[in-house]
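Chain residues, written in single-letter form:
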Amino acid sequence: MNTYLLSIYFLFIAALSQALLGGYALKCSLQRNQTTDRRRMWAALSIGTLLLALHHSHTLRLASQTGLYDFQQATLVMLAGLASCLAIWLLRRQPS
């Protein structure tokens with residue numbers, strides 16, 4: 001497997017993880033048993049992660065259409081997406 005295909009896979013994983021995180025954070029922001037500040041925090045997190053998912057999907061589209069890619073950046077955004085998954089999972093387990 002060459003670095004181009006790995007970059008495509010890594011960007012796909014990053015975009016997918018950010019999109020799923022955005023949806024999960026939006027679901028958490030709509031729960032009624034939380035304080036207003038905590039709901040706002042989840043809403044802001046949802047907006048931020050959905051914008052990152054949009055950015056990663058745009059980068060994925062450009063890489064697949066033009067063939068230009070940056071393996072180091074693709075690796076970093078995949079790791080950042082997975083770290084965000086862990087952070088939101090741990091944040092969700094905290095009592096409100």
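Coordinates for the structure precede this section.
From a predicted model like this one, the values you see are computed outputs, not experimental measurements. (Residues numbered from 1 in each chain as written. Predicted model: local features only at pLDDT ≥ 70, side-chain atom pairs only at ≥ 80, totals over all residues. Heavy atoms only, no water.)

**A word on the packing of helix H2 (residues 36–66) against helix H3 (residues 71–93)**
For step 1, the next point in the chain: The contact between H2 and H3 brings their axes to 13 Å, and the two run at 160°. In terms of their interaxial angle, H2 and H3 are classed as roughly antiparallel. The way H2 lies across H3 gives a crossing that is left-handed. Note on element contacts: H3 touches H2 through Val77, Ile88, Leu91 and Arg92, opposite Arg38, Met41, Trp42, Leu45, Thr49 and His56.
For step 2, the next point in the chain: Residues of the contact of H2 with H3, tallied by class, amount to six nonpolar, two polar and two charged. (Axes fitted to C-alpha atoms, helices over the stretch in contact; angles between N-to-C directions. Helix = DSSP H or I, 4+ residues; strand = E, 2+ residues; numbered from the N terminus. Parallel < 35°, antiparallel > 145°, perpendicular 65-115°, else oblique. Left-handed = near helix turned anticlockwise from the far one by under 90°. Contact = heavy atoms within 4.5 Å. Nonpolar A, V, L, I, M, F, W, Y, C, P; charged D, E, K, R; others polar.)

**Re the packing of aromatic side chains**
For step 1, the next point in the chain: Considering all chains together, one arrives at two aromatic pairs under this definition.
For step 2, the next point in the chain: Between Tyr4 and Tyr69, the aromatic rings sit 5.4 Å apart at their centres with planes inclined by 65°, giving edge-to-face as the arrangement. You can see Tyr4 sitting in helix H1 (residues 3–29) and its partner Tyr69 sitting in the loop between H2 and H3, a full 65 residues away along the chain.
For step 3, the next point in the chain: Residue classification places Tyr4 among the partly exposed positions, given a relative accessible area of 25%.
For step 4, the next point in the chain: The class of Tyr69 is partly exposed, set by a relative accessible area of 38%.
For step 5, the next point in the chain: Stacked on the ring of Trp89, the Lys or Arg Arg93 has its end atom at 4.8 Å from the ring centre. (Phe/Tyr/Trp six-rings, centres within 6.5 Å; stacked < 30°, edge-to-face > 60°. Buried < 20%, exposed > 50% of the residue type's maximum accessible area, 1.4 Å probe, protein only. Lys NZ or Arg CZ within 6 Å of the ring centre and 35° of its normal.)

**A few points about H2**
For step 1, the next point in the chain: For H2, spanning 31 residues, the distance from its first C-alpha to its last is 45 Å, which sits close to the expected 45 Å at 1.5 Å a residue.
For step 2, the next point in the chain: All of the buried residues along H2 are Arg38, Trp42, Ser46, Thr49, Ala53, His56, Leu60 and Ala63.
For step 3, the next point in the chain: Residues of H2 that are buried make contact with H1 and H3.
For step 4, the next point in the chain: The positive-phi residue at the C-terminal boundary of H2 is Gly67, with phi of around 85°. (Expected span 1.5 Å × (residues − 1).)

**Regarding the nonpolar core**
For step 1, the next point in the chain: By size, the foremost hydrophobic cluster in this structure holds nine residues: Ile8, Phe10, Leu11, Ala14, Leu60, Ala63, Ala74, Val77 and Met78.
For step 2, the next point in the chain: When contributions to this core are tallied by element, the ones reaching two or more residues are H1, H2 and H3.
For step 3, the next point in the chain: Sorting elements by how many residues they give to this core places H1 first, with four residues.
For step 4, the next point in the chain: Apart from residues no more than four positions distant in its own chain, Ile8 is found in contact with Leu60, Ala63 and Ser64. (Core = buried A, V, L, I, M, F, W, Y, C linked by side-chain atoms within 4.5 Å.)

Just geometry here; none of it tells us what the structure is for.
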